[in-house]
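# Fold and contact review
This is what each chain is made of:
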Amino acid sequence: MSGQGNKGTAVVTGASSGIGAVYADRLAGQGYDLVLVARRADRLEELAGKLRQTYGRKVSVISADLSNDGDVRRVEQATASDDSVTLLVNNAGLGGQSVVAIADADAAERMIKVNVIALTRLTRAVLPGFLARNRGAVVNIASVLAYETSFGGIYSGTKAYVVNFTEALHREVEGTEVKVQVVLPGATRTDFWELAGSDIDQLPKEIIMSADDMVDAALVGLARGEAVTVPALAEPAKLDIFLGARQAFYGSLHADKPAARYAA
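Quick caveat, the model's predicted, so the values are computed rather than measured. (Residues numbered from 1 in each chain as written. Predicted model: local features only at pLDDT ≥ 70, side-chain atom pairs only at ≥ 80, totals over all residues. Heavy atoms only, no water.)

### Quick word on the packing of aromatic side chains
Note the threshold: Only Phe, Tyr and Trp rings take part, Trp by its six-membered ring, and two of them pair if their centres are within 6.5 Å. Stacked means planes under 30 degrees apart, edge-to-face means over 60, and tilted covers everything else. Secondary structure counts use DSSP, requiring at least four H or I residues in a row for a helix and at least two E residues in a row for a strand, with both numbered from the N terminus. Residue exposure (1.4 Å probe, protein chains only): buried if accessible area is under 20% of the type maximum, exposed if over 50%, otherwise partly exposed.
Going through the model one piece at a time under the given rule, you end up with two aromatic pairs. Seen from their ring centres, Tyr161 and Phe165 are 5.6 Å apart, and the 15 degrees between their planes marks the pair as stacked. With Tyr161 and Phe165 both in helix 5 (residues 153-172), this residue pair falls four residues apart, about one helical turn. Residue Tyr161 is classed as partly exposed on the basis of its relative accessible area of 30%.

And the structure:
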């Protein structure tokens, strides 16, 4: 898996289609060697072949189901032991729109394993090496639904975890050359929607972004050192206002006595 390119090796999960495949293409074009991770081995191999031919980069594939504990550990071990890895894109994710009372418990568990546990373990696998070499970047793909629960509390909850986890990680690496970015796409045209049992064409066309545009914007944000990138957000001051208000709200949540409104 070691790469000879001057940018090192990028590991991209969920790379067989959609956002992950676009990341793979763009990163190969930027000079990264690649490790592509996804369940569908045939699609991974097809993509890897195209990228090798187009960009002349070294491209390895790992067929893995990130809801499977053993598969996660295989990817974990492969990435942790490879000193050429300089970028991890945690893009793999499962979706589903359902309320808790009728949700399939096994499907919910798989979603949490992929969206939360695999992302956390893979980040933990690469981070010590990044810090030791004072080089590297972690990109975690969340969703604007981290701030909106109408799509179902399970999915939204996993993406809220990704946002909080990545924000804390950004503080953890402060003062180093390691970059951390969380990306919050809105509605993006990929096969994610069909796999999640939803029809993206039920949404207004003017809010649906292409995967190419989404990834290109996210990569610009990464290059600029953004900790939080929201490709559709036209007024970045709104994010600053939101984060500032949240911090002020948190500051009001501590006292040595319950608030007077809770007096018996």
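### Points about the nonpolar core
What counts here: Only buried residues count toward a nonpolar core, which is a set of Ala, Val, Leu, Ile, Met, Phe, Trp, Tyr and Cys residues joined through side-chain atoms within 4.5 Å.
Ranked by size, the top nonpolar core spans 33 residues in total, and within it Val37, Ile62, Leu66, Val75 and Val182 carry the most contacts. Listing elements by their share of this core, those giving two or more residues are strand 2 (33-38), helix 3 (69-80), strand 4 (85-90), helix 4 (105-133), helix 5 and strand 6 (178-183). Grouped together as the second largest cluster of nonpolar side chains are 31 residues, Leu34, Ala38, Leu51 and Ile141 included.

### Things to note about a nonpolar patch on the surface
Spelled out, the test is: Exposure above 30% relative accessible area and no salt bridge define the residues that can form patches, which grow by joining like charges within 9 Å and nonpolar side chains of Val, Leu, Ile, Met, Phe, Trp and Tyr within 5 Å. In these tables, accessible area is a Shrake-Rupley quantity obtained with a 1.4 Å probe, and a residue counts as shielded only by the protein chains included in the view. For this analysis, a salt bridge means a side-chain nitrogen from Lys or Arg found within 4 Å of a carboxyl oxygen belonging to Asp or Glu.
A contiguous nonpolar patch, built from Phe249, Tyr250 and Leu253 and spanning about 350 Å² of accessible area, is present on the exposed surface. Within the fold, Leu253 resides in the segment after helix 8 (236-251).

### Quick notes on helix 4
Helical periodicity: at 3.6 residues per turn, an α-helix aligns residues three or four positions apart in one direction. Basically, it comes down to this: Any helix carries an expected span of 1.5 Å times its number of residues minus one. The quantity called bend is, for any residue, the angle between two axes fitted respectively to the seven residues ending at it and the seven beginning at it. Definition of a polar contact: a pair of N or O atoms within 3.5 Å, with one able to donate and the other able to accept a hydrogen when the atoms are protein atoms, and with sequence-neighbouring residues admitted only if both atoms are side-chain atoms.
The first and last C-alpha atoms of helix 4 sit 41 Å apart over 29 residues, in line with the 42 Å expected at 1.5 Å per residue. In the structure, helix 4 departs most strongly from a straight axis at Lys113, where the bend amounts to approximately 35 degrees. Of the residues that open helix 4, the one with a side-chain oxygen 3.0 Å from the backbone nitrogen of Asp106 is Asp104. Phi for Asn134, located one or two positions after helix 4, is positive at around 55 degrees.

### A closer look at empty space enclosed by the protein
So the rule is basically this: The rule is simple: put a 1 Å grid over the protein atoms alone, call a set of points where a 1.4 Å probe fits but cannot get out a cavity, call an open set with protein on both sides within 12 Å along at least five of seven lines a pocket, and count a residue as lining if it has an atom within 4 Å of a point. Grid points are joined across faces, edges and corners, and a volume is the space filled by probe spheres set on the points. Throughout, the ten residues Ala, Val, Leu, Ile, Met, Phe, Trp, Tyr, Cys and Pro are labelled nonpolar, Asp, Glu, Lys and Arg are labelled charged, and all others, Gly among them, are labelled polar.
Evaluation of the coordinates by the stated rule reveals one cavity of 30 Å³ or more. Taken as a whole, the largest cavity holds about 30 Å³ of empty space. Contributing to the lining of the largest cavity are Thr13, Leu66, Asn90, Asn91, Ala92, Val114, Ala118, Leu119 and Leu122. Of the residues forming the lining of the largest cavity, the biggest block, four residues, is contributed by helix 4. Of the residues assigned to the lining of the largest cavity, the class counts are six nonpolar, three polar and no charged.

### Observations concerning helix 3
Threshold: Only heavy atoms matter for contacts: two residues are in contact if any of them lie within 4.5 Å across the pair.
For helix 3, built from 12 residues, the straight-helix expectation of 16 Å at 1.5 Å per residue is met to within 8% by its first-to-last C-alpha distance of 16 Å. Turning to helix 3, its buried residues number three or more, namely Asp71, Val72, Val75, Glu76, Ala78 and Thr79. Elements that come into contact with the buried residues of helix 3 comprise strand 1 (9-13), strand 2, strand 3 (59-63), strand 4 and helix 4.

### Concerning the packing of helix 3 against helix 4
Definition in use: Comment: axis = line fitted to C-alpha atoms, over the contacting stretch for helices; angle = value between 0 and 180 degrees taken between N-to-C directions. For classification, angles of less than 35 degrees are called roughly parallel, those exceeding 145 degrees roughly antiparallel, those between 65 and 115 degrees roughly perpendicular, and all remaining angles oblique. Left-handed is the label given to a crossing in which the near helix is rotated counterclockwise from the far helix by less than a right angle, and right-handed is the label when the rotation is clockwise.
In the contact formed by helix 3 and helix 4, the axes pass within 8 Å of each other and the chain directions differ by 25 degrees. Regarding the angle of helix 3 to helix 4, the classification is roughly parallel. In the packing of helix 3 onto helix 4, the handedness of the crossing is right-handed. Across the interface between the two elements, Asp69, Val72, Arg73, Val75, Glu76, Thr79 and Ala80 from helix 3 touch Lys113, Ala118, Arg121, Leu122, Ala125 and Val126 from helix 4. A breakdown of the residues in the contact of helix 3 with helix 4 according to their chemical character gives seven nonpolar, one polar and five charged.

### Observations concerning the sheet that holds strand 2
Going by this rule: A pair of strands is labelled paired if DSSP reports no fewer than 2 bridges between them.
The seven strands lie next to each other as 3-2-1-4-5-6-9, forming an open sheet whose pairing is parallel. Edge positions in the open sheet fall to strand 3 and strand 9 (228-229), since each of these has one partner strand only. Here strand 1 pairs with strand 4 via four bridges, running parallel. Looking at strand 4, one finds that Ala10 is bridged to Leu87. On top of the sheet, helix 2 (residues 41-55) reaches strand 2 and strand 3; it is set at about 175 degrees to strand 3, its chief contact.

### Focus on the pattern of salt bridges
Enumeration over the complete set of coordinates arrives at 12 salt bridges. Between Asp25 and Arg26 there is a salt bridge, with the nearest N and O atoms lying 3.0 Å from each other. Lys50 serves as the salt-bridge partner of Glu46, at 3.6 Å between the closest nitrogen and oxygen. Of this pair, Glu46 and Lys50 both sit in helix 2, four residues apart, which is roughly one turn of the helix. Among the ionic contacts, a cluster of salt bridges with common partners joins Asp25, Arg26, Asp212 and Asp216.

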